[in-house]
Amino acid sequence: MELVAASVSKVVLPRAKCAASSEIPTHFSGAAVKLDPKRPSNSIVYDIKATVSTQPSSFQSIGPSPVEQHMGQNSTDQFMVVLVSSSHRACSLAPETEKDNINNSKPQVTPYQLWTRKSSPSHVSEEKLAVVRGMTSWATENLLPLLKPVEKCWQPQDYLPSFSSPTFSDEVRALQQRTANLPDDYLVCLVGDMITEEALPTYQTMLNTFEGVRDSTVCSPEPWAVWLRGWTSEESRHGDLLNKYLYLSGRVDMRMIEKTTQYLIGSGMAPQINNDPYNGFIYTSFQERATYISHDNTATHAKQFGDSKLATICKMIAADEKRHEIAYTRVMSRIFELDPSGSMLAFEDMMKKKITMPAHLMFDGDDEKLFENYAQVAQRLGVYTAADYVSIMEHLIRTWKVESLVGLTPEAQRAQDFVCNLPTRFRRLAERSQTMTKRRGPPVSKSFSWVFNKEIKLL
């Protein structure tokens, strides 16, 4: 990890967790550290004379898995980044001035990281690259048909009032009447889903880091590149439609939602794929199914709350996500056929890291635990739960026929045993957590800026 502070003499960082222990770090290479009594207790002032550089030994998830969110605790092996803020977001650097010292009660934190977070080496073996590069014809025949022609796709305007219609005002009133009965906690889940969809630029960037399947010219005719652009174009409609629907409802604070989206896109994500196409297709297979489940559940709830139009919208989005899930799992199924041992080791690697949710760096400018709080509301309402996380693991194990793989290397056989036993372990953790939650008493409440700072029950 490199901390870049060119021409900055004094920098404020939130009090942070250290890779080796829970103690506050006392120095960096090239940086003297001192506590400033004028700053709040959750910050440290670093005097930095030049560029500061320190390398972590490894990089692990900086966001809790759904099981850990549901349990309300984080495993110690998650915090392997040298500095991670209390909200699990990487800390940002901001110059401190005398005015900041006097007038501000909170550290001045920029919305985006000003350093480069480095994960483990991103070298991808020639054997893996040969496998994916040899799948070009296969991708043309088996992947691209899962993209729908634009002329056959629904568009957001198909399900929204039209400004050009003489009945526009009546249509908006009808929409607002339908959404009037949607509970605030449901709206929190719907907004969280929408913001996740709106961070699409980050996901396209992530997909284009996979070695061997990149869109090298941004208009490449190669099938992997055609898929990437087509997938992005289909996904872009999801956030557009939900955003406009929520805006017209008048039930949510759009400015705070827009701030959250900008923060999220600016912060990026840390899926721990390391440019490896095997890791990448495992991640996308898992994540697309998770997104499908979440949208499908919001559709069910919308119908129960009396908004059949919103239920239809969420169902359509879920159908897209399902088709995209099929695409990525189909790719990985083929890779399992061509390189079973390499695929098995990659599956184990991603399961050990735990699948990081794409919006895990969510922030609205105030709530440093926004994603964690939103995830707990989703867990309580049954929109996306720890049980869903386990069910996705089981689904992928079945889909890729992991239990019946033969001819594996000894290392891959050990990985096979590990992965096949994971769902049982995670399910026990989830059940134990549910028991603990029931014993804990009434749910804790937290205000959400998205719904005008109303108090919403968590777990």
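Residues numbered from 1 in each chain as written. Predicted model: local features only at pLDDT ≥ 70, side-chain atom pairs only at ≥ 80, totals over all residues. Heavy atoms only, no water.

- The name that an unreviewed UniProt entry assigns to the chain is Acyl-[acyl-carrier-protein] desaturase, with the source organism given as Marchantia polymorpha subsp. ruderalis.
- Here is the UniProt Sequence similarities (unreviewed entry) comment for the chain, exactly as written: "Belongs to the fatty acid desaturase type 2 family." (UniProt positions renumbered as here; feature names shortened; annotations may be inferred.)

### Things to note about the overall build of the chain
- Each helix and strand counted, the chain has 15 helices and nine strands in total.
- When contacts within the chain are restricted to residue pairs at least 6 apart in sequence, long-range pairs at least 24 apart make up 79% of them. (Helix = DSSP H or I, 4+ residues; strand = E, 2+ residues; numbered from the N terminus. Contact = heavy atoms within 4.5 Å.)

### Thoughts on the packing of aromatic side chains
- Throughout the structure, instances matching the rule amount to 17 aromatic pairs.
- Plain terms: the ring middles of Phe210 and Phe281 are 5.6 Å apart, the flat faces sit at 80° to each other, and that makes the pair edge-to-face. Residue Phe210 is located in the loop between α7 (200-207) and α8 (223-249), and its partner Phe281 is located in helix α10 (residues 277-304); the two are separated by 71 residues in the primary sequence.
- Owing to a relative accessible area of 1%, Phe210 belongs among the buried residues under this scheme.
- What makes Phe281 buried here is its relative accessible area of 4%.
- Ring plane angle 80° and centroid distance 6.5 Å describe the contact between Phe336 and Phe347, whose orientation is recorded as edge-to-face. (Phe/Tyr/Trp six-rings, centres within 6.5 Å; stacked < 30°, edge-to-face > 60°. Buried < 20%, exposed > 50% of the residue type's maximum accessible area, 1.4 Å probe, protein only.)

### Focus on the pattern of salt bridges
- The full count for this structure, using the stated rule, is 19 salt bridges.
- The salt bridge involving Asp320 is made with Arg237; its shortest N-O contact spans 2.4 Å. On the criterion of sequence distance, the pair formed by Asp320 in helix α11 (residues 308-338) and Arg237 in helix α8 is long-range, its members being 83 residues apart. Grouping residues by exposure puts Asp320 and Arg237 together as buried.
- Note that Glu337 and Arg334 form a salt bridge whose closest N and O atoms lie 2.9 Å from each other. Note that Glu337 and Arg334 are positioned in helix α11 at a spacing of three residues, about one turn of the helix. (Salt bridge = Lys/Arg side-chain N within 4 Å of Asp/Glu carboxyl O.)

### Digging into the packing of helix α14 (residues 386-399) against helix α15 (residues 410-440)
- Following both chains from N to C, one finds α14 and α15 inclined at 165°, their axes separated by 9 Å at the closest point. The angle between α14 and α15 places the two elements in the roughly antiparallel class. Along this stretch, α14 crosses α15, giving a crossing that reads as left-handed. Contact with α14, carried on its side by Ala386, Tyr389, Val390, Met393, Glu394 and Ile397, involves Val419, Cys420, Leu422, Pro423, Phe426, Arg427 and Ala430 of α15 and no other residues of that element. (Axes fitted to C-alpha atoms, helices over the stretch in contact; angles between N-to-C directions. Parallel < 35°, antiparallel > 145°, perpendicular 65-115°, else oblique. Left-handed = near helix turned anticlockwise from the far one by under 90°.)

### Considerations on the UniProt feature "binding site: Fe cation 2" (unreviewed entry) in the chain
- With numbering matched to this structure, UniProt assigns "binding site: Fe cation 2" (unreviewed entry) to Glu235, Glu288, Glu321 and His324. For the residues just named, distributed over 90 residues, the greatest C-alpha separation is only 11.0 Å, placing them together at one site.
- By secondary structure assignment, the location of Glu235 is in helix α8.
- Judged by its relative accessible area of 4%, Glu235 falls in the buried class.
- Relative to the elements of secondary structure, Glu321 occurs in helix α11.
- Leave out the neighbours within four places in its chain, and Glu321 touches Glu197, Glu235, His238, Glu288, Thr291, Tyr292 and His295.

### Quick notes on the side chain of Arg251
- Relative to the assigned elements, Arg251 resides in the loop between α8 and α9 (254-267).
- Since its relative accessible area comes to 16%, Arg251 is described here as buried.
- What Arg251 contacts, discounting residues up to four positions off in sequence, is Thr179, Ala180, Asn181, Leu182, Pro183, Asp184, Leu187, Leu246 and Phe452.

### A few points about α14
- Here α14 is 14 residues long and its end C-alpha atoms lie 20 Å apart, about the 20 Å a rise of 1.5 Å per residue gives.
- Restricting attention to buried positions, one finds in α14 the residues Ala386, Asp388, Tyr389, Val390, Ile392, Met393, His395, Leu396 and Ile397.
- Sitting at the amino-terminal end of α14 is Thr385, which places a side-chain oxygen 3.3 Å from the backbone nitrogen of Ala387. (Expected span 1.5 Å × (residues − 1). Polar contact = N/O pair within 3.5 Å; in protein donor to acceptor, adjacent residues only side chain to side chain.)

### Some thoughts on the UniProt feature "binding site: Fe cation 1" (unreviewed entry) in the chain
- Summarizing the sequence annotation, UniProt attributes the feature "binding site: Fe cation 1" (unreviewed entry) to Glu197, Glu235, His238 and Glu321 in the numbering used throughout. In summary, the annotated positions, though distributed over 125 residues, converge in three dimensions, the widest C-alpha pair being only 11.0 Å.
- If near-sequence neighbours (up to four positions away) are discounted, Glu235 is found in contact with Glu197, Leu200, Glu288, Glu321 and His324.
- Only 3.2 Å separates the side chain of Glu321 from the side chain of His238, close enough to count as a polar contact.

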